[in-house]
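Residue-level listing of the chains:
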Amino acid sequence: MITEKKPTPIEAALPDPTSRDKPQDGKKGDDACDEIGAPELQQPVTPKQAAENLTPSQRDDLLKDLSSYLDALAALTRAEDRAAFDAAAVKVAAAVGALTSTAGAAAGGIGSGVGPMAAASTNVVLWLVGTALDERRYSALREGTWRGCRPVRVLSRALEFVLDELRGNRLGVLSSTIAWRVHALNFGRSIRTLSDQAYGAAVDDVFATMDSYELVRKIDPAGLTTAIADSHDELALAVYRGNGQSAEFAIALDAFSRNVSELVTAAHDSSTQSASK
Amino acid sequence: VDEFGVIRDSRKRVLSGLSDALDRINREIAATTRVGPYLERLGNRQQDLLDEMRDIRASATDHVLALPQVIAARVELTAIGERMTERGRELVEATDLLGKAGEILAVGQSFADLLATIRK
C-alpha cells in the first residue's frame, strides 16, 4: 500500500515574516525614505474621500498600481539611438532567454516562465546604458521616486498578504489532491483493477502533484515583497544621489524591475500549479 | 501598533489549527482503502476545512486592503504614476518610444490579465 509522504505544513517552513515589522537598520526601510526626505503619506480624511479617489480594492489592482508606476518610470527615460538599442536588445534577450530556459529545464521545469521576464529585465539595462537623461527627465524621475518611496513600501506589505492568500489556497488544493490520488491508488490496487502500467502512471501523478506542492510551498511572499520595497529604496537613493547617467541608476532600476517580475512569476506559480481530485 | 503584524499574527494563529486538522483528514483519506459513508464524511470535512481556510485568508487580505495607509498609498502611487506618465509624454521625442517602454516593462498588465483569466 502507498502511504502518503508527509508534506511540509502549509503554514510553516518559511522565514519569519515578522522580521519586516521591526525597525530596520542602515539605508533600508523607512530610513531610505527619511534620507531623501520623502513626504509622509497623506491619508484620506474619510472613507468617502478614499472611495472617490479609488476603485474598490481588488487583489490584482494592487500590483497593477505598482506596475503602472513602474511603467511610468520607464516612460520618463529614453534611448538616444533606437536602432542600436533594438538590435542589441534582441541579441542579448535571446541569449538570456536561452540561458534561463536551460536553467529552468535543469531545475525540473521550475522557472519556465522566467525567461521572458529575465529578457525584459535585461532590456531595461541595455536601454539605459549610454543613455544620458536630460535635466528635465531626471528632475521628473527624482520627484516621482521621492514621492513614491513610502507608498511603494506600504503597498509591498499589502502585496505580501495577496500573494500569501494565493499561495495558501493553492497549497490547500494541492495537499488535498495528493490525499485523493493516494487513496485512489490504494483503492484501485486493493480491488485489483489497476494494471501494472496504470499503477505506474498513477504513482507518477502522485509524485508530480507533490512536486507542484513543493514548488508553491517554496514561494516566500514576505521575502519577495520585501525585495520590491528594498529595491525601490535603492532606486530612490540612486536617483537622489546621482545625476541620471550613473551605472548605479541603471542597476537600481533593473533590480526594481526584476523584483516586480519575480513577484509576477510567483503569483503565476501560485495560481496555476493545479491538479484535480 | 503595526496593523500588518497584528493581522498576520491573527491569521497565522487561526490557520495553524485548521492546517493541522486538514493534514490529519488528508492522511486518513489517503490511508482509507474503501469507499463508503466514512470516506464521504472525510471528504465533506476536508472541503469544509479548505473553505474555512480560504475565507480566513481572504478576510485577512480584505482587512489589509482596507487599512487607511494602504488606501492612501494606492491613491498616492496612482497619482504619481499618472503625473509621471503625462510628463513622459510631454518629453518624449518619438511617439512610438512610449510603446517600447510599455512593451519592455508591461509586467503589470500581464499579471492583471493572468488573474482575470484565472477568475473566469
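Residues numbered from 1 in each chain as written. Chains lettered and ligands numbered in written order. Predicted model: local features only at pLDDT ≥ 70, side-chain atom pairs only at ≥ 80, totals over all residues. Heavy atoms only, no water.

### Observations concerning the overall build of chain A
If you tally the helices and strands in chain A, you get 9 helices and 0 strands. When its helices and strands are written in sequence order, chain A yields α-α-α-α-α-α-α-α-α. Considering chain A as a whole, with its 277 residues, one finds that 51% of them fall into the buried category. Of the contacts made within chain A by residues no fewer than 6 positions apart, 90% connect residues no fewer than 24 positions apart. Here chain A displays about 12300 Å² of accessible surface, and carbon together with sulfur accounts for 56% of that area. (Helix = DSSP H or I, 4+ residues; strand = E, 2+ residues; numbered from the N terminus. Buried < 20%, exposed > 50% of the residue type's maximum accessible area, 1.4 Å probe, protein only. Contact = heavy atoms within 4.5 Å. Areas by Shrake-Rupley, 256 points an atom, 1.4 Å probe, with all protein chains shown as cover.)

### Considering the overall build of chain B
Looking only at helices and strands, one finds 5 helices and 0 strands in chain B. Overall, chain B shows an N-to-C arrangement of helices and strands of α-α-α-α-α. For chain B, the residues scored as buried account for 45% of the 120 residues in total. For chain B, long-range pairs separated by at least 24 residues make up 60% of all intrachain contacts whose partners lie at least 6 apart in sequence.

### Some details on the nonpolar core
Core analysis: the biggest nonpolar cluster contains 45 residues, and Leu66, Tyr69, Leu73 and Phe256 of chain A together with Phe4 and Val70 of chain B have the highest contact counts within it. Secondary structure elements with two or more residues in this core: α3 (59–75), α6 (135–190), α8 (221–241) and α9 (247–272) of chain A together with α1 (3–31), α2 (37–65) and α3 (68–91) of chain B. The dominant element in this core, judged by the number of residues it contributes, is α6 of chain A, at 11 residues. Beyond its immediate stretch of four places on either side in the chain, Tyr69 of chain A contacts Gly144, Thr145, Gly148, Val152, His232 and Phe256 of chain A together with Leu77, Ile80 and Met84 of chain B. Counting 14 residues, the second-largest nonpolar core is a separate cluster that includes Leu15, Ala21, Leu50 and Met53 of chain B. (Core = buried A, V, L, I, M, F, W, Y, C linked by side-chain atoms within 4.5 Å.)

### What to know about the packing of aromatic side chains
Summed over all chains, the structure comprises 1 aromatic pair over all chains. Between the aromatic rings of Phe161 of chain A and Phe4 of chain B, the centroid separation amounts to 6.4 Å while the plane-to-plane angle is 40°, which identifies the pairing as tilted. Of the two residues, Phe161 of chain A is situated in helix α6 and Phe4 of chain B in helix α1; the pairing between them involves two chains. Here Phe161 of chain A matches Phe4 of chain B in class, with each residue buried. When the ring centre of Tyr199 of chain A is taken as reference, the NZ or CZ atom of Arg189 of chain A above it lies at 4.3 Å. (Phe/Tyr/Trp six-rings, centres within 6.5 Å; stacked < 30°, edge-to-face > 60°. Lys NZ or Arg CZ within 6 Å of the ring centre and 35° of its normal.)

### Here's the deal with the pattern of salt bridges
All names here are of chain A. This model, assessed by the stated rule, comprises 11 salt bridges over all chains. Here Arg153 and Asp230 are joined by a salt bridge, their closest N and O atoms 3.0 Å apart. Here the residue Arg153 occupies a position in helix α6, and Asp230 occupies one in helix α8, the gap between them amounting to 77 residues. Residue Arg153 is classed as buried on the basis of its relative accessible area, which comes to 11%. (Salt bridge = Lys/Arg side-chain N within 4 Å of Asp/Glu carboxyl O.)

### Topic: the confidence of the model for chain B
Fine structural detail should not be taken from predicted coordinates in areas where pLDDT scores are low. All names here are of chain B. Averaged over all residues, the pLDDT of chain B equals 80, while 73% of them reach at least 70. Segment residues 93–108 is flagged for pLDDT under 50; beyond a separation of four residues in sequence, or across chains, it makes 34 contacts in the model. On the interface metric, ipTM, the complex scores 0.74, and its pTM is 0.70. (pLDDT = per-residue confidence, 0-100.)

### Brief notes about α8 of chain A
The end-to-end C-alpha distance of α8 of chain A is 30 Å, a good match for the 30 Å that 21 residues give at a rise of 1.5 Å each. Of all the 21 residues making up α8 of chain A, 15 are buried; the element is thus mostly covered by neighbouring parts of the structure. (Expected span 1.5 Å × (residues − 1).)

### With respect to the side chain of Asn169 of chain A
Of note, Asn169 of chain A is situated in helix α6. Judged by its relative accessible area of 12%, Asn169 of chain A falls in the buried class. Ignoring anything within four residues of it in the chain, the contact list for Asn169 of chain A reads Arg54 and Arg57 of chain B.

### Notes on the environment of Leu50 of chain B
Relative to the elements of secondary structure, Leu50 of chain B occurs in helix α2. A relative accessible area of 14% means that Leu50 of chain B is categorised as buried. Spatially, the C-alpha atom of Leu50 of chain B lies 8.9 Å from that of Ser19 of chain B, the residues being 31 residues apart in sequence. Every residue in contact with Leu50 of chain B, bar those within four places of it in the chain, is listed here: Gly172, Val173 and Ser176 of chain A together with Leu22 of chain B.

### With respect to the environment of Asp2 of chain B
Looking at the element boundaries, Asp2 of chain B is found in the segment before α1. Separated by 31 residues in the primary sequence, Asp2 of chain B and Thr33 of chain B place their C-alpha atoms 49 Å from one another.

### Some thoughts on the packing of α1 of chain B against α2 of chain B
Helix-helix packing is described using two parameters, namely the angle between the two axes and the distance between the axes. Residues and elements named next belong to chain B. Where α1 contacts α2, the axes come no closer than 10 Å and their chain directions differ by 165°. Comparing their axes, α2 and α1 come out roughly antiparallel. Handedness of the crossing formed by α1 with α2: left-handed. (Axes fitted to C-alpha atoms, helices over the stretch in contact; angles between N-to-C directions. Parallel < 35°, antiparallel > 145°, perpendicular 65-115°, else oblique. Left-handed = near helix turned anticlockwise from the far one by under 90°.)

### Focus on the confidence of the model for chain A
Residue and element names in this part refer to chain A. Here chain A averages 69 in pLDDT, and 55% of its residues register 70 or above. Long-range and interchain partners of residues 23–28, a stretch whose pLDDT sits below 50, account for 13 contacts in this model, where long-range means more than four residues apart. Counted against residues more than four places away or in other chains, residues 79–89, with its pLDDT under 50, gives 19 contacts.

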